[in-house]
Amino acid sequence: MADGSRTDRSDIEPVYRPEDAPIEYGRDLGDPGSFPFTRGVQPTMYRGRLWTMRQYAGFGTAAETNRRFRLLLEAGQTGLSVAFDLPTQMGIDSDDPRALGEVGRVGVAIDTVDDMHVLLDGIPLDRVSTSMTINATASTLLAMYVVAAEERGITRDKISGTIQNDILKEYIARGTYIYPPQESLALIADVFRFCAEEVPNWNPISISGYHIREAGATAVQELAFTFANAMEYVACAIDAGLAVDAFAPRLSFFFAAHNDLFEEVAKFRAARRIYARLMRERFGATDASCRLRFHTQTGGVTLQAQQPLNNVVRVAIQALAAVLGGTQSLHTNGYDEALALPTEEAATLALRTQQVIAYESGAALTADPLGGSYYVEHLTSELEERAVALLRRVDEMGGAARAIAAGFFQEEIARSAYDFQLRVERGETTIVGVNRFADAREAPDVPTPDYSGLEREQTARVREARARRDNAAVEQSLTALRATAACYGADRPAHGRPPMMPLIIDAVRRRATVGEIAGTLVDVWGKYQPR
């Protein structure tokens, strides 16, 4: 496994024996629920509670997305996952000229807390957890969720969910950053503090290997770079004065599931072991802070536009890998997502895939059913060894932030993506229906929303919101936020910063927009400019 990826299968042995998997049970495995959690984070795993079935959705306006959420909940989904459009992710209001043509395209447009109210209408926020894939503007969207709940009479300690809030991987793989790294990290540390003190059932971050893998990383790189980022976040929070065990039990992670069933199962097992050892050895964390809890999404880049029904099989294999690997939460992609936003039929079938695995396959009957397989244990140890070696290289560069600034992560991922594409083009890696077993049929047409109409509707909503609010009160709240943001500069000490989340919540409550809050912080911190 020279490049850490099983797409190169030349080094796989025809059979594995005990000597190929030299492990000590207590040290390397342990029972489920026990350090180092290789076999799972709960003693009975899915016998006690199934994973959360959390389908990702976001469509144009808040009202349209709310309709899809209700359909999925009626079909048996057990948690919400919100996709936001690009302007919302980038802190740009829907009526801003820079948002033209992008409003509602890749998710739901949220400009004010009134949009959040519409998005969550009729959904019991004290009983349904919500995950929000949002990063640079994560603090603002969390504030909107808190205010929406409170205005419905639901207190902060009753809501549960996750904000992605993982800005480091944005500099590496996705690009939806706004502020410079040091100020972004300081804001994330403040969100950690706020959630630990006031929103105890909320995960303040979902440290994401998924997007790193989607950018072309191997399984080894996904592990190493994700945990390098995690160590950076933990260290920043400790530098800001937080005790590790005050916030670390609520840290969550997000991984991809790809097509190599056994590599993916081994990857999830190795991930738990790596994280447990890192947290104990580097920070002296207790077992509660060493448990790796993660959400999984099936691989978007593995979906093919050619012969799209083949994606049903790919998603089923990937979902099974996530379950066998012990995920806490799962999203399964629609088979038509390589063509457009998933249709209701495809989204429902994706959910049914999880339900068949949960209730018919037997995969949930016992914890870590592949544990003890010579092959799986060999892969688990090999992935751990290679990921830890790569993580050590990042440490030698001074940690994730410095490695990102030097372009190390980006260059390593780009090289892996290029190598994979070459193997596909040479036919060394088979993709069924693409470079083998292909046919001449064209991909079917998938209906798409009227994005121009959605944009006009959302633009009107944000303008109406500004017209009916107390603009003097909004400006007062933004002025207070601007003054506090000045204490978060890269040249200011980490200890003793005044909290920012109460000020963001106040601005949101007064109906400040996502763009106005982001613009206020840009005025103080500036924008990140990649080298």
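Everything numeric in this text was worked out from a predicted model, so none of it was measured.

A. A look at the environment of A480. Residue position: A480 is located in helix α19 (residues 471–485). Accessibility expressed as a relative area gives 30% for A480, which makes it partly exposed. The sequence separation of A480 and K158 amounts to 322 residues, and the corresponding C-alpha distance is 28 Å.

B. Spotlight on the sheet that holds strand β8 (residues 294–298). Ordered by their spatial adjacency, 9 strands build an open sheet running β5-β4-β3-β2-β1-β9-β8-β7-β6, and the pairing between neighbours is parallel. One side of each edge strand has no neighbouring strand; the edge strands of this open sheet are β5 (202–203) and β6 (206–208). Most of the contacts of helix α5 (residues 138–151) go to strand β3 (residues 130–133), to which it runs at about 150°, and overall it touches β3, β4 (161–163) and β5. Across the sheet, helix α13 (residues 310–324) touches β7 (252–257), β8 and β9 (329–331), and the angle it forms with β8 is around 165°.

C. The side chain of R54, seen in detail. In this structure, R54 sits in strand β1 (residues 52–57). For the buried R54, which has no salt bridge, the nearest side chain bearing the opposite charge is D126, at an N-O separation of 14 Å. Within polar-contact distance, the side chain of R54 engages the side chain of S129 at 2.9 Å. Beyond its immediate chain neighbours, meaning those up to four positions away, R54 contacts Q77, G79, L80, S81, S129, T130, S131, H295, S329, L330 and H331.

D. Representation of unusual backbone geometry in the model. A cis amide bond links F35 with the next residue in sequence, P36, at an omega value of 5°. Tracing the backbone through its elements, the reader meets P36 in the loop between α1 (25–29) and β1. At F37, a position not held by glycine, the phi torsion is positive, near 65°. Residue position: F37 is located in the loop between α1 and β1. Its relative accessible area of 1% is what places F37 among the buried residues.

E. Representation of the nonpolar core in the model. Core analysis: the largest hydrophobic core is formed by 143 residues, its most contacted members being M132, F227 and F409. Excluding residues within four positions of it along the chain, F227 makes contact with F253, F255, A271, I274, Y275, L278, L292 and L391.

F. Here's a closer look at the packing of α5 against helix α20 (residues 501–509). Their axes nearest at 9 Å, the elements α5 and α20 cross at an angle of 60°. One element, α5, and the other, α20, form an angle in the oblique class. You can see that α5 and α20 cross each other, and the crossing is right-handed. Packed against α5, whose contacting residues are S139, T140, L142, A143, M144, V146, V147, E150 and E151, the element α20 presents M501, I504, I505, V508 and R509 at the interface.

G. The packing of aromatic side chains, seen in detail. For the structure shown, the criterion picks out 23 aromatic pairs. Here F192 and F247 contribute two aromatic rings whose centre-to-centre distance is 5.5 Å and whose plane-to-plane angle is 25°, an arrangement assigned as stacked. Residue F192 is located in helix α7 (residues 181–198), and its partner F247 is located in helix α10 (residues 244–247); the two are separated by 55 residues in the primary sequence. A residue is classified by how much of its surface remains accessible, and F192, at 2% relative accessible area, is buried. Note on F247: relative accessible area 2%, which makes it buried.

Reading the values: rules and limits
Residues numbered from 1 in each chain as written. Predicted model: local features only at pLDDT ≥ 70, side-chain atom pairs only at ≥ 80, totals over all residues. Heavy atoms only, no water. Helix = DSSP H or I, 4+ residues; strand = E, 2+ residues; numbered from the N terminus. Buried < 20%, exposed > 50% of the residue type's maximum accessible area, 1.4 Å probe, protein only. Pairing = 2+ DSSP bridges. Contact = heavy atoms within 4.5 Å. Axes fitted to C-alpha atoms, helices over the stretch in contact; angles between N-to-C directions. Lys, Arg positive; Asp, Glu negative; His and termini not counted. Salt bridge = Lys/Arg side-chain N within 4 Å of Asp/Glu carboxyl O. Polar contact = N/O pair within 3.5 Å; in protein donor to acceptor, adjacent residues only side chain to side chain. Core = buried A, V, L, I, M, F, W, Y, C linked by side-chain atoms within 4.5 Å. Parallel < 35°, antiparallel > 145°, perpendicular 65-115°, else oblique. Left-handed = near helix turned anticlockwise from the far one by under 90°. Phe/Tyr/Trp six-rings, centres within 6.5 Å; stacked < 30°, edge-to-face > 60°.

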